[in-house]
Amino acid sequence: MGEGEPLIRWAWIGRNWPNIQQLLVDHVVMALVPVLLGLLVALPLGLASARWRVLYQPTVTLMNVVYSLPSLAVFIVLIPLTGLAERATVIIPLTFYSLAVLIPAVVDGLAAVPDHVRQSAVAMGFGPMRRLLQVDLPIAVPVVLAGLRVAMVSSISLVSVGALIGRGGLGYLFIDGWQRQFSTPIIVGIVLVVVLAVLADGLLVLAQRLLTPWARARRTA
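As the structure is a computational prediction, the values presented were derived from the model and not from experiment. (Residues numbered from 1 in each chain as written. Predicted model: local features only at pLDDT ≥ 70, side-chain atom pairs only at ≥ 80, totals over all residues. Heavy atoms only, no water.)

## A closer look at the packing of helix 1 (residues 10-51) against helix 7 (residues 171-180)
Where helix 1 meets helix 7, the axes come as close as 9 Å, and the angle between the chain directions of the two elements is 135°. Considering their axes alone, helix 1 and helix 7 lie oblique with respect to each other. Of helix 7, the residues touching helix 1 (which contributes Trp12, Asn19, Leu23 and His27) are Gly171, Tyr172, Leu173, Asp176 and Arg180. Here the residues of the contact of helix 1 with helix 7 are counted per class, giving four nonpolar, three polar and two charged. (Axes fitted to C-alpha atoms, helices over the stretch in contact; angles between N-to-C directions. Helix = DSSP H or I, 4+ residues; strand = E, 2+ residues; numbered from the N terminus. Parallel < 35°, antiparallel > 145°, perpendicular 65-115°, else oblique. Contact = heavy atoms within 4.5 Å. Nonpolar A, V, L, I, M, F, W, Y, C, P; charged D, E, K, R; others polar.)

## Section: the UniProt feature "transmembrane region" (unreviewed entry) in the chain
Within this structure's numbering, the places UniProt gives as "transmembrane region" (unreviewed entry) are residues 28-50, 62-84, 90-113, 139-166 and 186-207. Along residues 139-166 the backbone is 75% helical and 0% strand, and the end-to-end C-alpha distance reaches 42 Å. Secondary structure over residues 186-207 splits into 100% helix and 0% strand, and the C-alpha atoms at its two ends are 32 Å apart. (UniProt positions renumbered as here; feature names shortened; annotations may be inferred.)

## Brief notes about the packing of aromatic side chains
All chains considered together, the criterion is met by two aromatic pairs. Between Trp12 and Phe182 the ring centres are 5.7 Å apart and the planes differ by 90°, which places this aromatic pair in the edge-to-face class. Note that Trp12 is positioned in helix 1 and Phe182 in the loop between helix 7 and helix 8 (183-211), a separation of 170 residues in sequence. Aromatic side chains Tyr67 and Tyr97 sit 5.6 Å apart centroid to centroid with 85° between the ring planes, which places their arrangement in the edge-to-face category. Linking Tyr67 in helix 2 (residues 56-68) with Tyr97 in helix 4 (residues 87-111), this pair joins segments that are 30 residues apart in sequence. Judged by its relative accessible area of 6%, Tyr97 falls in the buried class. Here Arg53 stacks its cationic end above the ring of Tyr56, 4.9 Å away from the centre of that ring. (Phe/Tyr/Trp six-rings, centres within 6.5 Å; stacked < 30°, edge-to-face > 60°. Buried < 20%, exposed > 50% of the residue type's maximum accessible area, 1.4 Å probe, protein only. Lys NZ or Arg CZ within 6 Å of the ring centre and 35° of its normal.)

Structure follows, in structure tokens:
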């Protein structure tokens, strides 16, 4: 970052590529696990909230309170319980952040199922579980995946904050570059985080198309 310093030193990237790859893998794990855990929890909670609406508002309010907490502050609070520079210290808060996005997405997705479709399924002899799996959830998929896309991109971004407590994946490159006034690791970290976010979003869009073939057929028609 000093005068005469090139924006990117490609030789540094080549020498440090194995370390960059390790940070990349660590970043992917810490971004992906909270979203998967959040989805596993959000599905039953969302189903319960959609069935018993009295549960919805308290659940969403609690998740919004958690979501409003600064991530760094939550990381620091968890250090005595989960340890410094441990994945769990980053994964636990990000799981709650994912829940704050995914629970409303599940509830809204189920609410989008038309009543006449449910009634038709019941008239055809569908039981509650069969109707849920073959009617409600498939129709809710676009809304749920829209929430999943937001949660995934947010998680990829927030992992970097964990570098301030010693476990932030690619966020380490930001800290390293800032401390040494060296722009190359900062740029590498930014580019890789953006690439991860774009790839994750693209894969979820592809998953939506595969899970909703009727939508493709309707657009073609």
